[in-house]
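Survey of secondary and tertiary structure
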Amino acid sequence: DVRLLRSSTPVLAVRPGFVLFDLGEAKGVLLHDRVVMVGSDRQKVRTIGEEVQHRLDALSRADGAEEYPFEVRVLEAVYELSFTLLEQSLQRLTGLINDLLTALTDSSPAQSDSRRGAALGQLLPLQISLNDLRTRARRLTEILQEVLENEDELAGMCLSLLERRKQSVPPAGIATAAATAASSTAADVS
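What comes next is a walk through the structure. (Residues numbered from 1 in each chain as written. Predicted model: local features only at pLDDT ≥ 70, side-chain atom pairs only at ≥ 80, totals over all residues. Heavy atoms only, no water.)

Pairing between side chains of opposite charge can happen when the charged atoms of each approach one another. The final tally for this structure, using the stated rule, is eight salt bridges. Here R34 makes a salt bridge to D33, at a shortest N to O gap of 2.9 Å. Given the relative accessible area of 41%, D33 is considered partly exposed. Here R55 makes a salt bridge to E51, at a shortest N to O gap of 2.9 Å. Placement of the pair is R55 and E51 together in helix α1 (residues 42-61), with a separation of four residues, close to one helical turn. Of the residues examined, R55 reaches a relative accessible area of 13% and is grouped as buried. Looking at E51, the relative accessible area reads 28%, which means it is partly exposed. (Salt bridge = Lys/Arg side-chain N within 4 Å of Asp/Glu carboxyl O. Buried < 20%, exposed > 50% of the residue type's maximum accessible area, 1.4 Å probe, protein only. Helix = DSSP H or I, 4+ residues; strand = E, 2+ residues; numbered from the N terminus.)

The N-to-C vectors of helix α2 (residues 70-105) and helix α3 (residues 113-149) enclose an angle of 160°; their axes lie 10 Å apart at closest approach. For the element pair α2 / α3, the angle class is roughly antiparallel. Both α2 and α3 take part in a crossing whose hand is left-handed. Class assignment of the residues belonging to the contact of α2 with α3 gives a composition of 20 nonpolar, five polar and two charged. (Axes fitted to C-alpha atoms, helices over the stretch in contact; angles between N-to-C directions. Parallel < 35°, antiparallel > 145°, perpendicular 65-115°, else oblique. Left-handed = near helix turned anticlockwise from the far one by under 90°. Nonpolar A, V, L, I, M, F, W, Y, C, P; charged D, E, K, R; others polar.)

Membership of the largest hydrophobic core comes to 33 residues, with the highest contact counts inside it found for L12, F21 and L30. Counting only elements with at least two residues in this core, the list comes to β1 (11-15), β2 (18-22), α1, α2 and α3. With 12 residues, α2 is the single largest residue contributor to this core. (Core = buried A, V, L, I, M, F, W, Y, C linked by side-chain atoms within 4.5 Å.)

We now examine the packing of α1 against α2. The interhelical angle for the contact between α1 and α2, taken along N-to-C directions, is 125°, at an axis separation of 9 Å. As judged from the angle between their axes, α1 and α2 are oblique. Note that α1 runs across α2; the crossing there is right-handed. Facing α1, whose interface residues are I48, E51, V52, R55, L56, L59 and S60, α2 presents F70, R73, V74, E76, A77, V78, E80, L81 and T84. Taken together, the residues of the contact of α1 with α2 sort by class into nine nonpolar, two polar and five charged. (Contact = heavy atoms within 4.5 Å.)

Glancing now at the pairing of β2. Within β2, four of the five residues are buried, leaving the element largely enclosed by the surrounding structure. Bridge analysis of β2 against strand β3 (residues 27-30) gives four bridges, and the strand direction is antiparallel. Across the sheet, F21 pairs through a bridge with G28, a residue of β3. The hairpin formed by β2 and β3 contains four residues between the paired strands, and G24 there has a positive phi angle of roughly 95°. (Pairing = 2+ DSSP bridges.)

The following block contains the structure:
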């Protein structure tokens, strides 16, 4: 399952007891009471982890935040961060495109054909980058929608609830022994 985090494709994979996520810059494992951020660049992981913690703290202070389980608040913080990072990339590309369009439409004598040709050559990489951003944003939305539409995955994502249920149910041997003791006591009384 950890191999999913090595892929370049965004992933939100619900597994028994945990959720794996790779939303571009934010990658990790979500448990019922904690989230572990992963990545090859330790400083980048630390920075993203701190930002997720900051967003999680802000969400926790919001009115009614206690109504939402930990895993919902974490996924909201991680998704919010992922889309913020996409938006920042879009703003950088927008600035580059605007500068390039200004250079292309400049009709002053100082603007030579060779400069326009060089500017035209920069359009294709910018278009590819824009298409990549659009694809990543769509995929982030699609994987969340896929989980929300799948009842089994949605139920499996309720990590806090599953953990509470697991803690409140005694192990099978204890329950069976208690039921046997109760039935033999009832038999002895009658």
